[in-house]
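An overview of the molecular structure
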Amino acid sequence: MNCYGRRLRRTGPEQLNSRNDLVSPPQHSRVNGWSLPLHTFQIVALLFYTYLAIVGFGIYIPLLPHGWKYAAYAVIGVLFAHHLVAHLVAITIDPADQNVLAKKNYSSPMPVFDRGKQKHVIQNQHCYLCEVDVGPKAKHCSACNKCIADFDHHCKWLNNCVGGRNYWFFFNAVASAVLGVFLLILVILYVFIQYFVNPAELRTAPQFERVIENNTWLAFLPVAPAETTAAGILAIAVITVLLGMASLLLLGHLLIFHLYLLGKKLSTFEYMTEQRRTQNTRDPESDVEITENTSVRMDPLQVGSCSPPASRNPSSFWCL
């Protein structure tokens, strides 16, 4: 079945108890991930990146032996810089459909969707909320309140939709985060183990020559040496490794899922649609009408949702 046929290009509310019900979307469309309100997950992601950068480049990489130190600065530094750029670009890009961008009327309130006039938000590739014709893969996201070109999913961590205009920035952000966090964990584990095996290998920086006591360690070398204790170095190492491994597990899961989607040439939304269609087909108690319309009807106006059961959607940890 061609999931982009005009018969399937209809998106309607989940509850159809009354044809006279009105569904009121947000007053204005959001431009990108910087549009207020910012999402808590978005702030957490940026703070966690900042924490890893400070801890990694300020405490543990400077303690590596001379040769490995500069290699770590170069490789991990490039990955962290690449991630930051890709992450910020994915947030900043407006992923709207080209015809929505052409109108540039985000300051104007969106019309109220009247179920009595139209059964679906998008029908025959025309959005009755954005009031424009849209592409065959466009979907209207209620969080952003606009049609997204080549819609993939709405990501809370970016506070923005991921579509054709910013998908590869999103993918690069995830891939570079996985590699960067993995290498940083290896560095911290090396420092942690080497402290108990041969701590002298970690004190090769010239600034340690002025430190008398072996229990005194230095952080933020070589720019702003700050004295600290071995217990502090080890405690932060344990906390950072635990946080890093948790994020690596989730990010790695998400990366593998999107590699799978790329191999199958599917978007997250298409994958969800197929899973829901399969689930309803296997349910013998499903109403015939619900089974036929599940592929063309999503939650009320939130057609950009990544929220099937977690077992069927690995990206549900990271996107809504």
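Residues numbered from 1 in each chain as written. Predicted model: local features only at pLDDT ≥ 70, side-chain atom pairs only at ≥ 80, totals over all residues. Heavy atoms only, no water.

With an unreviewed UniProt entry as reference, the protein is termed Palmitoyltransferase, source organism Gopherus agassizii. Comment text from UniProt for the protein, heading Sequence similarities (unreviewed entry), reads "Belongs to the DHHC palmitoyltransferase family." Per UniProt, the comment on the protein under Catalytic activity (unreviewed entry) is "L-cysteinyl-[protein] + hexadecanoyl-CoA = S-hexadecanoyl-L-cysteinyl-[protein] + CoA". (UniProt positions renumbered as here; feature names shortened; annotations may be inferred.)

1. Topic: the environment of His82
Structurally, His82 can be placed in helix α2 (residues 66-92). Sequence-distant contacts of His82, that is, excluding residues within four places in its chain, are made with Asn172 and Ser176. (Helix = DSSP H or I, 4+ residues; strand = E, 2+ residues; numbered from the N terminus. Contact = heavy atoms within 4.5 Å.)

2. Examining the sheet that holds strand β5 (residues 132-133)
Strand order in this open sheet of 3 strands is β3-β4-β5, and the pairing throughout is antiparallel. Lying at the two open borders of the sheet, with one neighbouring strand each, are β3 (122-123) and β5. Pairing of strand β4 (residues 126-127) with β5, which is carried by 2 bridges, proceeds in the antiparallel orientation. Bridge pairing in β5 places His126 opposite Asp133. (Pairing = 2+ DSSP bridges.)

3. Regarding the packing of helix α4 (residues 167-197) against helix α5 (residues 230-264)
Here α4 crosses α5 at 150 degrees, and the two axes come no closer than 8 Å. On the basis of their axis angle, the class for α4 and α5 is roughly antiparallel. The element α4 and its partner α5 pack so that their crossing is left-handed. Class assignment of the residues belonging to the contact of α4 with α5 gives a composition of 28 nonpolar, 5 polar and no charged. (Axes fitted to C-alpha atoms, helices over the stretch in contact; angles between N-to-C directions. Parallel < 35°, antiparallel > 145°, perpendicular 65-115°, else oblique. Left-handed = near helix turned anticlockwise from the far one by under 90°. Nonpolar A, V, L, I, M, F, W, Y, C, P; charged D, E, K, R; others polar.)

4. Describing the pairing of strand β11 (residues 226-229)
In terms of strand pairing, strand β10 (residues 216-219) meets β11 through 4 bridges, oriented antiparallel. Across the sheet, residue Leu218 finds its bridge partner in β11, namely Glu227. Connecting β10 to the antiparallel partner β11 that follows it, the hairpin turn spans 6 residues, and Phe220 within it adopts a positive phi of roughly 60 degrees.

5. Here we look at the nonpolar core
Ranked by size, the top nonpolar core spans 29 residues in total, and within it Tyr60, Phe208 and Trp217 carry the most contacts. The set of elements that each furnish at least two residues to this core consists of α1 (40-60), α2, α4, β10 and α5. Ranked by the residues each element gives to this core, the list is headed by α4, at 6 residues. Once residues within four sequence positions are removed from consideration, Tyr60 is found in contact with Val55, Val187, Ile188, Val191, Ile233, Ile236 and Ala237. Core analysis: the second largest hydrophobic core is formed by 17 residues, Ala45, Leu158, Tyr167 and Val178 among them. (Core = buried A, V, L, I, M, F, W, Y, C linked by side-chain atoms within 4.5 Å. Buried < 20%, exposed > 50% of the residue type's maximum accessible area, 1.4 Å probe, protein only.)

6. So, the UniProt feature "transmembrane region" (unreviewed entry) in the protein
Mapped onto this numbering, the UniProt entry annotates "transmembrane region" (unreviewed entry) at residues 43-64, 70-93, 167-193 and 230-262. Measuring from the first to the last C-alpha atom of residues 43-64 gives 31 Å, for a span that is 82% helix and 0% strand. Along residues 230-262 the backbone is 100% helical and 0% strand, and the end-to-end C-alpha distance reaches 46 Å.

7. A look at α2
Here α2 contains 27 residues, and its C-alpha end-to-end distance of 39 Å stays within 8% of the 39 Å for a straight helix at 1.5 Å per residue. Looking only at α2, the buried set comprises Lys69, Ala72, Ile76, Leu79, Phe80, His83, Ala86, His87, Ala90 and Ile91. The inward-facing, buried residues of α2 contact α1, β9 (160-162) and α4. (Expected span 1.5 Å × (residues − 1).)

8. Examining the side chain of Lys146
In this structure, Lys146 sits in strand β7 (residues 146-148). Given the relative accessible area of 0%, Lys146 is considered buried.

9. Quick look at the environment of His83
When you line up the elements, His83 lands in helix α2. A relative accessible area of 14% means that His83 is categorised as buried. Expressed as a C-alpha distance, the spacing of His83 and Ser176, which sit 93 residues apart in the sequence, is 5.4 Å. In terms of polar contacts, His83 uses its side chain to reach the backbone carbonyl oxygen of Ala173, at 2.7 Å. (Polar contact = N/O pair within 3.5 Å; in protein donor to acceptor, adjacent residues only side chain to side chain.)

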